[in-house]
Amino acid sequence: MKKTNLNSNSRANSFGGEQYLYLTTRGRNSGLPREIEIWFMHRDGRFYVIAEYPTSNWLRNLQADPQAQVRVGGESFTVHARFVDLEAEPELHRSVSGLSREKYGWGEGTIVELVPESPGM
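Residues numbered from 1 in each chain as written. Predicted model: local features only at pLDDT ≥ 70, side-chain atom pairs only at ≥ 80, totals over all residues. Heavy atoms only, no water.

Draft legend 1. Geometry of the overall build of the protein. When helices and strands are tallied, the protein shows three helices and eight strands. Reading the protein from its N terminus to its C terminus gives the helix and strand order β-α-β-β-β-β-α-β-β-α-β. Residues classed as buried in the protein amount to 36% of the 121 residues present. Residue pairs at least 24 apart in sequence account for 62% of intrachain contacts in the protein once pairs closer than 6 positions are excluded. Element-wise, carbon and sulfur atoms account for 46% of the exposed surface of the protein, whose accessible area totals about 6,900 Å². (Helix = DSSP H or I, 4+ residues; strand = E, 2+ residues; numbered from the N terminus. Buried < 20%, exposed > 50% of the residue type's maximum accessible area, 1.4 Å probe, protein only. Contact = heavy atoms within 4.5 Å. Areas by Shrake-Rupley, 256 points an atom, 1.4 Å probe, with all protein chains shown as cover.)

Draft legend 2. Here's a closer look at the pairing of strand 3 (residues 33-39). The sheet contact formed by strand 2 (residues 20-26) and strand 3 spans seven bridges and is antiparallel. Residue pairing for strand 3: Y22 is matched across the bridge by E37. Taken together, strand 2 and the strand that follows it, strand 3, pair antiparallel across an intervening segment of six residues, in which G31 is found at a positive phi of about 80°. (Pairing = 2+ DSSP bridges.)

Draft legend 3. Helix 2 (residues 57-64), seen in detail. Among all positions in helix 2, only W58, L59, N61 and L62 are buried. The arc that holds every buried residue of helix 2, seen down its axis, measures 160°, which confines them to one face. Along helix 2, exposed side chains directed more than 90 degrees from the buried face belong to Q63 and A64. (Arc of directions from axis to C-beta.)

Draft legend 4. Structural context of the nonpolar core. Counting residues in hydrophobic clusters, the biggest one holds 27 residues, and the most contacted among them are L21, W58 and L114. Looking at this core, the elements with two or more residues in it are strand 2, strand 5 (46-51), helix 2, strand 6 (67-72), strand 7 (75-83), helix 3 (90-104) and strand 8 (110-116). No other element matches the five residues that strand 5 contributes to this core. Contact partners of W58, with chain neighbours within four places excluded, come to L23, T25, I36, I38, V49, I50, A51 and V112. (Core = buried A, V, L, I, M, F, W, Y, C linked by side-chain atoms within 4.5 Å.)

Draft legend 5. Quick peek at the confidence of the model for the protein. In this model, the protein carries a mean pLDDT of 89, and residues with pLDDT of at least 70 account for 86%. Predicted confidence for residues 1-12 stays below pLDDT 50, and this span has 24 contacts to residues more than four positions away or in other chains. (pLDDT = per-residue confidence, 0-100.)

Draft legend 6. Quick look at the packing of aromatic side chains. With the rule as written, the count across this model stands at six aromatic pairs. Note on F15 and F47: the rings are 5.2 Å apart at their centroids and 65° apart in plane angle, and the pair reads as edge-to-face. With F15 in the loop between helix 1 (9-12) and strand 2 and F47 in strand 5, this residue pair connects regions lying 32 residues apart in the sequence. Assigned by exposure class, F15 and F47 land together as buried. (Phe/Tyr/Trp six-rings, centres within 6.5 Å; stacked < 30°, edge-to-face > 60°.)

Draft legend 7. Inspection of the environment of D85 at higher detail. Examined against the element boundaries, D85 turns out to sit in the loop between strand 7 and helix 3. What makes D85 partly exposed here is its relative accessible area of 40%. Residues D85 and T110, spaced 25 residues apart in sequence, show a C-alpha to C-alpha distance of 8.7 Å. A distance of 2.8 Å separates the side chain of D85 from the backbone nitrogen of E87, its partner in a polar contact. (Polar contact = N/O pair within 3.5 Å; in protein donor to acceptor, adjacent residues only side chain to side chain.)

Draft legend 8. Examining the pairing of strand 8 more closely. With five of seven residues buried, strand 8 is to be regarded as a mostly interior element. Note: strand 5 against strand 8, five bridges, orientation antiparallel. Bridging across to strand 8, V49 finds its partner in V112. Alignment of strand 7 against strand 8, held across five bridges, turns out to be antiparallel. Note that in strand 8 the partner of V79 across the bridge is P116.

Structural data, given as structure tokens:
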């Protein structure tokens, strides 16, 4: 897999045609890698995924360890996950939910922002 510089304009815009990304978290109990295929939105160089249920294993894994791996569009990189707080960030929450509704016809649940780590981090 090729590592990507997401600051490149051509790369940052190349994910719009993809339907899924592959998110690999570390199991909170086992410590083993756990990969899921999931719908995503790409906005301002960041990726957003939505958990329908707050008890989803991948979501609980990210709560325990926010560092994860993403594969999408032939690219692979490390990300740091953070949860979008509806009350603290209503505009971002509304925007991501809207993007999801446009792309997939659904946009309810816990929104997670996946921030790609810069090459020097």
